Amino acid sequence: MSGKERREQLLDIGRTLFAERGFDATSVEEIAAKAGVSKPVVYEHFGGKEGLYAVVVDREMRTLLDMVTSALTAGHPRELLEQAAFALLDYIESHSDGFRILVRDSPVAASTGNFASLISDIATRVEHILGVEFSHRGYDPAFGAMYSQMLVGMVALTGQWWLDERQPTKDEVVAHLVNLSWNGLSGLEHHPRLLTRRPR
């Protein structure tokens, strides 16, 4: 096995173990044993478990971000919402192990990026779309960033729930997500107000 092939093998094994057990419960010994190599081989390629984990997280974040970004091709905002929701659920369906890793909290994830920062990245990519739409409809485009965080967060949390449930179908989940977000958006007040007053 070439060095490149060995590296990919270790990444695949690490990805599976991190998804099943989490970072803390996975050991270099176990990764090496599953690969049929000695511990120094893992250290040689990644410098340790932390290095392997960081590469796995980075690859998964790039894969998800690429899937969402490339899915946003439609011109109509409602279709863009559908495309973004489908992209996330497609990723969850085809990269379940990767998604499990991304949504776990770990000390390493905090230094290399985590799910919250990934969601923020995705929201930033769709922020300009909402800003333009807000301008067309007479809303303040400065709030586009906040609304993009809200929408992407709603889709991401629903995806986290759907990861284990897998019911209803992906199409139904997307339809309901878009129903809530779009019909909620279409009824936005230009100057939202609270019905109750809270003491300051």
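From a predicted model like this one, the values you see are computed outputs, not experimental measurements.

About the criteria used
Residues numbered from 1 in each chain as written. Predicted model: local features only at pLDDT ≥ 70, side-chain atom pairs only at ≥ 80, totals over all residues. Heavy atoms only, no water. 1 Å grid on protein atoms, 1.4 Å probe; cavity = no way out; pocket = protein on both sides within 12 Å on 5 of 7 lines; lining within 4 Å. Points joined across faces, edges and corners; volume = space filled by probe spheres on them. Helix = DSSP H or I, 4+ residues; strand = E, 2+ residues; numbered from the N terminus. Nonpolar A, V, L, I, M, F, W, Y, C, P; charged D, E, K, R; others polar. Phe/Tyr/Trp six-rings, centres within 6.5 Å; stacked < 30°, edge-to-face > 60°. Buried < 20%, exposed > 50% of the residue type's maximum accessible area, 1.4 Å probe, protein only. Lys NZ or Arg CZ within 6 Å of the ring centre and 35° of its normal.

Asker: Got a sec to walk through empty space enclosed by the protein? Specific residues and values, please.
Answerer: Applying the stated rule across the entire model yields 1 cavity of 30 Å³ or more. Computed from the structure, the largest cavity encloses a volume of approximately 350 Å³. Around the largest cavity, the lining is made up of 25 residues, and of these Leu80, Leu81, Val126, Leu130 and Leu151 lie nearest the centre. Contributing elements (two or more residues each) for the lining of the largest cavity: helix H5 (77-94), helix H8 (115-137), helix H9 (144-165) and helix H10 (170-186). The biggest single contributor to the lining of the largest cavity is H8, with 8 residues. Of the residues that constitute the lining of the largest cavity, the class distribution is 22 nonpolar, 1 polar and 2 charged.

Asker: An account of the packing of aromatic side chains is needed here, citing residue identities and associated values.
Answerer: The full count for this structure, using the stated rule, is 4 aromatic pairs. Judged by centre distance (4.9 Å) and plane angle (85 degrees), the rings of Phe18 and Tyr53 are edge-to-face. In this pair, Phe18 sits in helix H1 (residues 3-21) while Tyr53 sits in helix H4 (residues 49-71), placing the two residues 35 residues apart along the sequence. Judged on exposure class, the residue Phe18 and its partner Tyr53 are both buried. Note on Tyr91 and Phe99: the rings are 6.3 Å apart at their centroids and 70 degrees apart in plane angle, and the pair reads as edge-to-face. On the basis of relative accessible area, Tyr91 is assigned to the buried category, the value being 0%. The aromatic ring of Phe23 is capped on one face by Lys49, whose charged end is 4.2 Å from the ring centroid.

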